[in-house]
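Structural overview
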Amino acid sequence: MRVVVTGASGNVGTSVLEALGAEPQVSEIVGIARRVPEVEMPKVEWVGADVLEDALEPLFAGADAVVHLAWAIQPSRDESMTERINVEGSQRVFEATAAAGVPALTHASSVGAYSPGPKGRQVDESWPVDGIQTSFYSRHKAACEDLLDDLEGRAPELRIVRLRPGLIFKAEAGSEIRRLFAGPFLPGFLVQKRLVPLIPRVPRLRFQAVHSRDVGEAYRQAVVRDVSGAFNIAADPEIGVEELCEFFGARSFPLPAGALRGAAQLSWKLRLQPSPPGWIDLALGVPMMETTRAREELGWEPKVSSLEALGDLLDGMRRAEGGPTPPLQPTAGGPARAREVATGIGQRQ
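If you're wondering where the values come from, they're calculated on a predicted model, not measured in any experiment.

Some points on the overall build of the chain
Counting secondary structure elements, the chain contains 12 helices and 15 strands. Over its C-alpha trace the chain gives a radius of gyration of 19 Å, about what one expects of a compact globule, namely 20 Å for 349 residues. Projected onto its principal axes, the C-alpha positions of the chain cover 55 × 45 × 35 Å. Pairs at least 24 apart in sequence give 79% of the contacts found in the chain among residues at least 6 apart. Separation of charge centres in the chain, based on 38 positive and 45 negative side chains, amounts to 8 Å.

Here we look at unusual backbone geometry
The omega torsion across Gln74 and Pro75 is 10 degrees, close enough to zero to call that bond cis. Inspection of the secondary structure puts Pro75 in the loop between strand S4 (65–68) and helix H3 (79–99). In this structure, the amide linkage connecting Asp236 to the following residue, Pro237, adopts the cis form with an omega of -5 degrees. Here Pro237 is to be found in the loop between strand S12 (229–233) and strand S13 (239–240). Here Lys43, not a glycine, exhibits a phi torsion of approximately 70 degrees, which is positive. Relative to the assigned elements, Lys43 resides in the loop between strand S2 (28–33) and strand S3 (44–48). Residue Lys43 is classed as partly exposed on the basis of its relative accessible area of 32%. Even without being glycine, Ala320 reaches a positive phi, approximately 55 degrees. For Ala320, the location among the structural elements is in the loop between helix H11 (306–318) and helix H12 (338–342).

A look at the nonpolar core
The nonpolar side chains of soluble globular proteins are, as a tendency, buried together. Membership of the largest hydrophobic core comes to 36 residues, with the highest contact counts inside it found for Val5, Tyr219, Ile233 and Leu298. The element that contributes the greatest number of residues to this core is helix H6 (residues 212–224), accounting for six residues. Sequence-distant contacts of Leu298, that is, excluding residues within four places in its chain, are made with Leu163, Ala218, Gln221, Ala222, Arg225, Val227, Phe231, Ile233 and Arg293. By size, the runner-up hydrophobic cluster in this structure holds 22 residues, among which are Val4, Val47, Ala49 and Val51.

Quick notes on the environment of Asp130
Along the chain, Asp130 falls in the loop between strand S6 (122–123) and helix H4 (136–154). Note: C-alpha distance between Asp130 and Ala143 (13 residues apart in sequence) is 8.0 Å. Once residues lying within four places of it in the same chain are set aside, the contact partners of Asp130 are Ala113, Ser115 and Ala142.

Quick look at the side chain of Gln208
Here Gln208 is to be found in the loop between strand S10 (206–207) and strand S11 (209–211). Only 2.6 Å separates the side chain of Gln208 from the backbone nitrogen of Met289, close enough to count as a polar contact. When residues no more than four places from it in sequence are discounted, the contact partners of Gln208 are Gln122, Gly166, Leu167, Ala234, Glu238, Pro287, Met288 and Met289.

Quick look at the environment of Asp312
Along the chain, Asp312 turns up in helix H11. Note: C-alpha distance between Asp312 and Asp64 (248 residues apart in sequence) is 34 Å. Sequence-distant contacts of Asp312, defined by excluding residues within four places in its chain, comprise Lys170, Ala171 and His211.

Quick word on a nonpolar patch on the surface
Together, Phe185, Leu266, Leu270, Leu272 and Val341 give the surface a local cluster of nonpolar side chains, amounting to about 480 Å² of exposed area. Along the polypeptide, Leu266 turns up in helix H8 (residues 257–269). Classification of Leu266 by relative accessible area gives exposed; the value is 52%.

Brief notes about the packing of H3 against H4
Two elements in contact, H3 and H4, have axes separated by 10 Å at closest approach and are oriented at 20 degrees. On the basis of their axis angle, the class for H3 and H4 is roughly parallel. For the crossing formed where H3 meets H4, the hand is right-handed. Facing Glu79, Thr82, Glu83, Asn86, Val87, Ser90, Gln91, Phe94, Glu95 and Ala98 of H3, the residues of H4 in contact are Phe136, Arg139, His140, Ala143, Cys144, Leu147, Leu148, Leu151 and Arg154. Taken together, the residues of the contact of H3 with H4 sort by class into nine nonpolar, five polar and five charged.

Describing the packing of helix H5 (residues 174–182) against H11
Close contact between H5 and H11 brings their axes to 7 Å; oriented N to C, the two are set at 85 degrees. On the basis of their axis angle, the class for H5 and H11 is roughly perpendicular. Between H5 and H11, the contacting residues are Gly174, Ile177 and Arg178 on the first element and Leu313, Gly316 and Met317 on the second. Classifying every residue of the contact of H5 with H11 by side-chain character gives three nonpolar, two polar and one charged.

Cut-off values and rules
Residues numbered from 1 in each chain as written. Predicted model: local features only at pLDDT ≥ 70, side-chain atom pairs only at ≥ 80, totals over all residues. Heavy atoms only, no water. Helix = DSSP H or I, 4+ residues; strand = E, 2+ residues; numbered from the N terminus. Rg over C-alpha atoms; globule rule 2.2 N^0.38 Å. Contact = heavy atoms within 4.5 Å. Lys, Arg positive; Asp, Glu negative; His and termini not counted. Charge placed at Lys NZ, Arg CZ, Asp CG, Glu CD. Buried < 20%, exposed > 50% of the residue type's maximum accessible area, 1.4 Å probe, protein only. Core = buried A, V, L, I, M, F, W, Y, C linked by side-chain atoms within 4.5 Å. Polar contact = N/O pair within 3.5 Å; in protein donor to acceptor, adjacent residues only side chain to side chain. Patch = residues over 30% accessible without salt bridge, like charges linked within 9 Å, V, L, I, M, F, W, Y side chains within 5 Å. Areas by Shrake-Rupley, 256 points an atom, 1.4 Å probe, with all protein chains shown as cover. Salt bridge = Lys/Arg side-chain N within 4 Å of Asp/Glu carboxyl O. Axes fitted to C-alpha atoms, helices over the stretch in contact; angles between N-to-C directions. Parallel < 35°, antiparallel > 145°, perpendicular 65-115°, else oblique. Left-handed = near helix turned anticlockwise from the far one by under 90°. Nonpolar A, V, L, I, M, F, W, Y, C, P; charged D, E, K, R; others polar.

This is the structure we're talking about:
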């Protein structure tokens, strides 16, 4: 099999390449990235391309599957740009896949595509995917789901898989995730369990997480198995205030959701961090996902618990870990993280 992976150099992309590289049915992998990494990986040929600007059909020609991961979290202060990359870029990938006659497409959707839902019970893949309207990330993920609905109607011969994972963590993504979501003013030495004595007890603060390599395995299964449709991807346990208190050895204190959102809004406006308050709305809004379909039809079983994945990420953030690709490089922010400050903390990609 020849598999093309867009957005192949990031947190999830490197895990997908690793999983596909170990798959006997896969003989060739084309890793597409805006900035070509100077690293060799089994079966991988790197190609520099931008899903928004470059011709994609020639790159997809002759492929047995396309895995679409390319996505932009930044510039979070310029939604016209992120929407172009995320929605228009995805549409170009989808159309090029169909035009090139590729038989299978796997798209990186997300729990963030779901409409607001319950925290006290789990929902399956039939839950509406209209997104959380105050989150640009959620709106873009929901828009891509609509594009895939349309493509399914026009290209019924194309096998389309949508993976909807929870939060995705690994140590090597520690520096990247810190840059994307926390910004340059979070010192790594503060990211330690013993330095988190209190956890806010915010209503609906409950989420699901999964290790990046387990997500890579889910993509491998989606490529090689004759499956289609949506699959929820998350590890146990669900993580709420009680789990966080036990994890950190901390106590909780009550905090209204409005106060948490207000703090996010203020720090965002003051350019202290790059994440708009819609991320709070997303975290508190999305439902808990049931993963039965992934386990039964994909044969997927996570090897790492959600709390172990969280611990791996925090260790990576504390040690400023990274990887050999441009998005994962721990020095991408420059000396003293000055480059991050110079970009306006969320103003540029």
